[in-house]
Amino acid sequence: MILALHDIVVQRDGWSVRADARFAEGIHLVTGRVGSGKSTLAHLLAGSVVPETGRTVSEGITSVQIGLQFPEHQVTAATVAGEIRSWGLDPQVIMPETALTDKSGVNPLLLSGGELRRLELACVLRKDPDLLLLDEPFSSLDCREKNALCLRIENRNRGITIIFSHETWHLPRIDNLWEIVNGTLENRGTIPDALTRWTGAPPLLRRLIISRMDAGDGEVTRSGCRMLDSVFSQQ
Amino acid sequence: MQDARLRLLATITLSGAAVSGIPGAGLTFLWWLACTPRWDKVPRRGILVAFLFIVITAVVLQISGGPGISYLVRFSVILLIAAWAYTAFRPGELMDVGVWLFGDGIGFDLGLVGEMSLQSLQVSADDLSRIMTAQRMKGIGWNWRTFAPALATLVHLGLRRADDQAGILAIRGYRKGGTHIPVFPKGKWDRVTTVCALAILCISLLSAQVVVL
């Protein structure tokens, strides 16, 4: 299962994002500053944004789902139970999972931001598509819910999962790190080596890596990366 | 056209010329061809929907013995002018024009309302695009059954943003009016194209009868 982007360029008013990438099976994190083009790229992969140039090629992908940045956009029913059914899922399964059993008749638009996020993510994840795109899935969630989501994503043992997020602390164990820098999607490689090339790394991680690299202690750097990797994966 | 005042004047005069009759609509179309970047940046989906409404109205008019063809031509040209004015708009221009025309009191308020409305329109267009993506992912087609929930979501999001904006304005101490210094960039051909627009209106009014629908 492969998703490849060939010389993709998407342009907006005075702004553009470029991508030449190949996503294999596993969990990918696409990170970058706010406004760097992560959502645009997510919608491009979902087929709802047409690039100015370039093409997308997929092999073995028969189903695609996207968890949108604003879950309100995904609401198509007047009740929580109806919303779950609109995904073709059983409310009796999803409602207990999302702790919304007592809100089955409530309008989804009247749920709190976190509740609605939980509901839509549960539905998207339950669909278990070949290509799963998650646009800022951690926003509106508290630490406990972020950790639970990380576990759910890690437990998905098939297909391509691409997380588009500027979250730097609550992340699942990822296979490949990508970063949008100056309007270009750049492959930082696999963890832990990718951490040394991650320009937007959390300050603590960055300080640790830089201090070790300055000391010329490559082995310690690798150990530090492994340690942080295990920290990420345990959160 | 850089100067928002001249653009507004041109939009009004050309709309008047186009609505006055077929000759005015023809001249306005020629102006649109010569003086605008045409299809660049035009929101084609929105234009298509608006054009569909014009076509439906024209067909109904024609069937009922009215000037359907004339309506179709005139209002299609007005749609082109409206699309050009919309895409040429830059944030802050309505505030500039409002304050320039009516001062820091009512002009500021009108400018603020205009700016917020246009911003809301642009954000709603993005919302609609996202909603359609979500519906496609659910395997739901775009039809009258899905139109109602999409509209409900759009209204809900619009109201919530309006509430947030009202709260921010209140916290910042806004009651009415405000101070704003309008700035109008000048384009090389702004005056020439505006004079052409005024000339088109004069010629249209002189040469054609005003069509009363």
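Cut-offs applied
Note that residues are indexed from 1 along each chain, following the sequence as it is written. Each chain gets a letter, beginning with A, and each ligand a number, beginning with 1, in the order they are written. The predicted origin of the model limits local features to residues at a pLDDT of at least 70 and limits the giving and counting of side-chain atom pairs to 80 or more, whereas totals for whole chains, interfaces and linings rest on all residues. Note: side-chain values were computed over all heavy atoms of the structure, leaving out hydrogens and water. By the criteria applied, helices consist of DSSP H or I runs no shorter than four residues and strands consist of E runs no shorter than two, each listed in order from the N terminus. With a 1.4 Å probe rolled over the protein chains alone, any residue whose accessible area is under 20% of its type maximum counts as buried; one over 50% counts as exposed, and the rest are partly exposed. The contact criterion used throughout is that any non-hydrogen atoms of two residues lie within 4.5 Å. As a per-residue measure, pLDDT tells how confident the predictor is, with possible values from 0 to 100. Take the accessible area each of two parts loses on contact, using a 1.4 Å probe, and add the two losses: that sum is the buried area. Here, a salt bridge means any Lys or Arg side-chain nitrogen found within 4 Å of an Asp or Glu carboxyl oxygen. As used in this structure description, the phrase polar contact means that two N or O atoms lie within 3.5 Å; if the pair is within protein, one of them must be able to donate a hydrogen and the other to accept it, and residues adjacent in sequence are counted only when both atoms belong to side chains. A pair of strands counts as paired when DSSP detects no fewer than two bridges linking them. By definition, no residue in a patch forms a salt bridge, and every one has over 30% relative accessible area; like charges are joined within 9 Å, nonpolar side chains (Val, Leu, Ile, Met, Phe, Trp, Tyr) within 5 Å. In these tables, accessible area is a Shrake-Rupley quantity obtained with a 1.4 Å probe, and a residue counts as shielded only by the protein chains included in the view. Note on geometry: axes are C-alpha line fits, over the in-contact stretch for helices, and angles between N-to-C directions span 0 to 180 degrees. Crossings are sorted by hand: turned counterclockwise from the far helix by less than a right angle, the near helix makes the crossing left-handed, and turned clockwise it makes it right-handed. Nonpolar residues are Ala, Val, Leu, Ile, Met, Phe, Trp, Tyr, Cys and Pro. Charged residues are Asp, Glu, Lys and Arg, and all others, Gly as well, are polar. A helix is expected to span 1.5 Å multiplied by its residue count minus one. Given a residue, its bend is the angle between the two axes fitted to the seven residues that end at it and to the seven that start from it. Note that the arc is computed from the directions linking the helix axis to the C-beta atoms. Nine residue types can take part in a nonpolar core, namely buried Ala, Val, Leu, Ile, Met, Phe, Trp, Tyr and Cys, and a core is a set of them joined through side-chain atoms within 4.5 Å.

### Brief notes about the overall build of chain B
Inference 1: From N to C terminus, chain B includes seven helices and zero strands.
Inference 2: What you see in chain B, going N to C, is helices and strands ordered as α-α-α-α-α-α-α.
Inference 3: When its C-alpha atoms are laid out on the principal axes, chain B stretches across 55 × 50 × 30 Å.
Inference 4: For chain B, the proportion of its 213 residues judged to be buried stands at 35%.
Inference 5: Within chain B, contacts between residues separated by at least 24 positions form 75% of all contacts whose residues are at least 6 apart in sequence.

### Describing the confidence of the model for chain B
Residue and element names in this part refer to chain B.
Inference 1: Looking at chain B, the pLDDT average stands at 89 and 95% of residues meet or exceed 70.
Inference 2: Across chain B, the element-wise mean pLDDT spans from 88 in helix H6 (residues 144-171) up to 94 in helix H1 (residues 4-20).
Inference 3: At the level of chain-chain contacts, confidence expressed as ipTM amounts to 0.77, with global pTM at 0.76.

### Section: the side chain of A:Lys146
Residues and elements named next belong to chain A.
Inference 1: Inspection of the secondary structure puts lysine 146 in helix H5 (residues 143-154).
Inference 2: For lysine 146, a relative accessible area of 14% puts it in the buried group.
Inference 3: When residues no more than four places from it in sequence are discounted, the contact partners of lysine 146 are Phe138, Leu141, Glu167 and His170.

### Thoughts on the interface of chain A and chain B
Inference 1: Residue-level contacts link 18 residues of chain A with 17 residues of chain B.
Inference 2: Both sides of the chain A and chain B interface together cover about 1600 Å² of buried area, and 59% of this is carbon and sulfur.
Inference 3: Taken as a group, A:His73, A:Thr76 and A:Leu109 account for 38% of the area that chain A buries against chain B, more than any other trio of residues on that side.
Inference 4: Between the two partners, chain A and chain B, sit two salt bridges.
Inference 5: B:Arg160 is the salt-bridge partner of A:Glu72, the closest N and O atoms lying 2.9 Å from each other.
Inference 6: Applying the counting criterion to the chain A and chain B interface returns 11 residue pairs in polar contact (both at pLDDT 80 or more).
Inference 7: If you list the elements that add at least two residues to the side of chain A that touches chain B, you get helix H1 (38-46), strand S5 (64-67) and helix H2 (80-86) of chain A.

### Overview of the pairing of strand S8 (residues 176-181) of chain A
Residue and element names in this part refer to chain A.
Inference 1: Of all six residues in S8, five are buried; the element is thus mostly enclosed.
Inference 2: As defined by bridge partners, strand S3 (residues 26-32) adjoins S8 across five bridges and the pair is classed as parallel. By the bridge assignment for S8, histidine 28 is matched with asparagine 176.
Inference 3: Pairing analysis gives five bridges linking S8 to strand S9 (residues 184-189), with the strands arranged antiparallel.

### What to know about a nonpolar patch on the surface
Residues and elements named next belong to chain B.
Inference 1: A cluster of nonpolar side chains, namely Leu8, Ile12, Trp100, Leu101, Phe102, Ile106 and Leu110, defines an oily patch on the protein surface of about 720 Å² accessible area.
Inference 2: For the nonpolar patch, the leading source of residues is helix H5 (residues 93-137), giving five residues.
Inference 3: Looking at where leucine 110 falls in the secondary structure, it is placed in helix H5.

### Some points on the packing of H5(B) against H6(B)
Residues and elements named next belong to chain B.
Inference 1: Interaxial distance between H5 and H6 falls to 10 Å at its minimum, and their mutual angle equals 140°. In the crossing of H5 with H6, the sense of the turn from one axis to the other is right-handed. Taking contact as the criterion, the partners of Leu112, Met116, Gln119, Val123, Ser124, Asp127, Leu128, Ile131 and Gln135 in H5 are, on H6, Thr146, Ala150, Thr153, Leu154, Leu157, Arg161, Gln165 and Leu169.
Inference 2: The residue makeup of the contact of H5 with H6, split by class, is nine nonpolar, six polar and two charged.

### So, unusual backbone geometry
The phi torsion of most residues other than glycine is negative, and most of the peptide bonds are trans.
Residue and element names in this part refer to chain A.
Inference 1: We note that alanine 99 has phi near 55°; this positive angle belongs to a residue other than glycine.
Inference 2: Its location among the elements puts alanine 99 in the loop between helix H3 (91-97) and helix H4 (113-127).
Inference 3: The exposure class of alanine 99 is exposed, given its relative accessible area of 53%.

### Observations regarding H5(B)
Residues and elements named next belong to chain B.
Inference 1: With 45 residues, H5 ought to run about 66 Å at 1.5 Å a step, yet its terminal C-alpha atoms sit only 38 Å apart, falling short of that.
Inference 2: Residue glycine 103 marks the point of greatest curvature in H5, where the axis turns by about 140°.
Inference 3: Downstream of H5 by a residue or two, glycine 139 has a phi angle that is positive, lying close to 80°.

### Quick look at helix H2 (residues 22-35) of chain B
Residue and element names in this part refer to chain B.
Inference 1: Across its 14 residues, H2 extends 20 Å between first and last C-alpha, which sits within 8% of the 20 Å expected from 1.5 Å per residue.
Inference 2: For H2, the full list of buried residues reads Gly24, Ala25, Thr28, Trp31 and Trp32. Angular distribution of buried residues about the axis of H2 spans 115°; they occupy a single face of the element. Opposite the packed face of H2, turned more than 90 degrees from it, sit the exposed residues Leu30 and Ala34.
Inference 3: Buried residues along H2 sit in contact with H1, helix H4 (68-88) and helix H7 (190-207).

### Observations concerning the nonpolar core
Residues and elements named next belong to chain A.
Inference 1: Among the nonpolar cores identified, the biggest contains 37 residues, and Ile84 and Leu119 are the most heavily contacted of them.
Inference 2: Within the residue set of this core, elements represented by two or more residues are S3, H2, H3, H4, strand S6 (131-135), H5, helix H6 (193-197) and helix H7 (203-214).
Inference 3: Discounting residues that sit within four places of it in the chain, isoleucine 84 has contacts with Leu89, Asp90, Pro91, Ile94, Met95, Leu119 and Cys123.
Inference 4: Ala21, Ala46, Ile162 and Trp178 belong to the second-largest nonpolar core, a separate cluster that totals 28 residues.

### Topic: the side chain of A:Thr76
Inference 1: Structurally, A:Thr76 is set in the loop between S5 and H2.
Inference 2: With a relative accessible area of 14%, A:Thr76 lands in the buried category.
Inference 3: Among the polar contacts listed, one links the side chain of A:Thr76 to the side chain of B:Lys138, at a separation of 2.8 Å.
Inference 4: Each residue touching A:Thr76, except ones within four places of it in the same chain, is listed here: A:Glu83, A:Ser86, B:Gln135, B:Lys138, B:Ile140 and B:Pro149.

### A look at the pattern of salt bridges
Inference 1: Applying the stated criterion across every chain, the model contains 18 salt bridges over all chains.
Inference 2: Residue B:Lys138 is joined to A:Glu83 by a salt bridge in which the shortest nitrogen-to-oxygen separation is 2.6 Å. Highlighted residues: B:Lys138 in the loop between H5 and H6 and A:Glu83 in helix H2, drawn from two different chains. A:Glu83 carries the same exposure label as B:Lys138, and that label is buried.
Inference 3: A salt bridge links B:Arg7 to B:Glu93; its shortest N-O distance comes to 2.6 Å. With B:Arg7 in helix H1 and B:Glu93 in helix H5, this residue pair connects regions lying 86 residues apart in the sequence. Like B:Arg7, the residue B:Glu93 is buried in the burial classification.
Inference 4: Residues participating in the shared-partner salt-bridge network are A:Asp128, A:Asp130, A:Arg156 and A:Arg158.

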